[in-house]
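Each chain is listed here by its residues.
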Amino acid sequence: MLWHLAFNQLPKINEQLVTGREDIFFGAEFDASAGTHKLPDYAVKYYIDTLAADPDHLRGSFEFYRAIPTTIAQNEKRKEARLTLPVLAIGGEESSGQSVGNTMKLAADNVQTLVIPGCAHWVAEQAPEQLLAALTTFLAPYRDGTAAAHD
């Protein structure tokens, strides 16, 4: 289901088609991108209500996609000055998986990849405990500031 990448980049027509129907459009988006472990109804409702509350919220959600060509150009330039700091790349098994880490390796030298099982696009919502544990472990050496001085 990649049609939304092009639709979300359209100028204004998508806001006109989605306004007042946020629950239909984003409900389908959340459902399709969640894999087998669907998001809880309260989480989907929260996001949809937030997007529907203000036209700028909806516009902002589409602007992310409209910026894709600019982001691609920026990422090409980023490859010229590689990141040397440690990077933790996290993907859901049912979505991006290893590709998050593989993408980061194009611009960074020290990449650790974590693929969270039973999780799709919404890692924080679908696997909050695993995400927190991974971040805590990854960041632990930097808590006192000494590890950063060695990297």
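Details of the structure are given in the entry above.
Everything numeric here is computed off the predicted structure, so don't read it as measured data.

Peer 1: So what exactly am I meant to see when it comes to the overall build of the chain here?
Peer 2: A tally of helices and strands in the chain yields 10 helices and two strands. Helices and strands in the chain line up, N terminus first, as α-α-α-α-α-α-β-α-β-α-α-α. The principal-axis extent of the C-alpha atoms belonging to the chain is close to 55 × 35 × 25 Å. Scored against the burial criterion, the 151 residues of the chain give a buried share of 28%.

Peer 1: I would appreciate a short explanation of the layout of surface pockets in the present structure.
Peer 2: If you roll a probe as big as a water molecule over the atoms, it shows you where there is empty space left. Volume-wise, the largest pocket comes out at about 1400 Å³. Looking at the largest pocket, it is lined by 42 residues, and the ones nearest its centre are Leu-5, Phe-64, Tyr-65, Ile-68 and His-121. Within the lining of the largest pocket, the residues separate by chemical class into 24 nonpolar, 13 polar and five charged.

Peer 1: Can you help me understand the packing of aromatic side chains in this one?
Peer 2: Each aromatic ring pair is summarised here by two numbers: the centre-to-centre distance and the angle between the ring planes. Applying the stated criterion across every chain, the model contains 12 aromatic pairs. One aromatic cluster is present, formed by Trp-3, Phe-7, Phe-25, Phe-26 and Phe-62 through successive ring pairs.

Peer 1: Would you explain the side chain of Glu-15 in this entry?
Peer 2: Tracing the backbone through its elements, the reader meets Glu-15 in helix H2 (residues 13-18). Accessibility expressed as a relative area gives 12% for Glu-15, which makes it buried. Those residues in contact with Glu-15 that lie beyond four places of it in its chain are Leu-58, Arg-59, Phe-62 and Arg-66.

Peer 1: Could you clarify how one ought to interpret the pairing of strand S2 (residues 111-116) in this entry?
Peer 2: Looking down a regular strand, the side chains alternate between one sheet face and the other. As paired elements, strand S1 (residues 87-92) and S2 share six bridges and run parallel to each other. Bridging across to S2, Ile-90 finds its partner in Leu-114. Regarding topology, helix H7 (residues 99-104) serves as the crossover connection from S1 to the parallel S2, and that connection is right-handed.

Peer 1: For this particular structure, what's the right way to read a nonpolar patch on the surface?
Peer 2: A surface patch of nonpolar side chains, amounting to about 230 Å² of accessible area, comprises Leu-10, Ile-13 and Leu-17. Turning to its location among the elements, Ile-13 is positioned in helix H2.

Definitions and cut-offs
- Residues numbered from 1 in each chain as written.
- Predicted model: local features only at pLDDT ≥ 70, side-chain atom pairs only at ≥ 80, totals over all residues.
- Heavy atoms only, no water.
- Helix = DSSP H or I, 4+ residues; strand = E, 2+ residues; numbered from the N terminus.
- Buried < 20%, exposed > 50% of the residue type's maximum accessible area, 1.4 Å probe, protein only.
- 1 Å grid on protein atoms, 1.4 Å probe; cavity = no way out; pocket = protein on both sides within 12 Å on 5 of 7 lines; lining within 4 Å.
- Points joined across faces, edges and corners; volume = space filled by probe spheres on them.
- Nonpolar A, V, L, I, M, F, W, Y, C, P; charged D, E, K, R; others polar.
- Phe/Tyr/Trp six-rings, centres within 6.5 Å; stacked < 30°, edge-to-face > 60°.
- Contact = heavy atoms within 4.5 Å.
- Pairing = 2+ DSSP bridges.
- Right-handed = clockwise from strand over helix to strand, strands pointing away.
- Patch = residues over 30% accessible without salt bridge, like charges linked within 9 Å, V, L, I, M, F, W, Y side chains within 5 Å.
- Areas by Shrake-Rupley, 256 points an atom, 1.4 Å probe, with all protein chains shown as cover.
- Salt bridge = Lys/Arg side-chain N within 4 Å of Asp/Glu carboxyl O.

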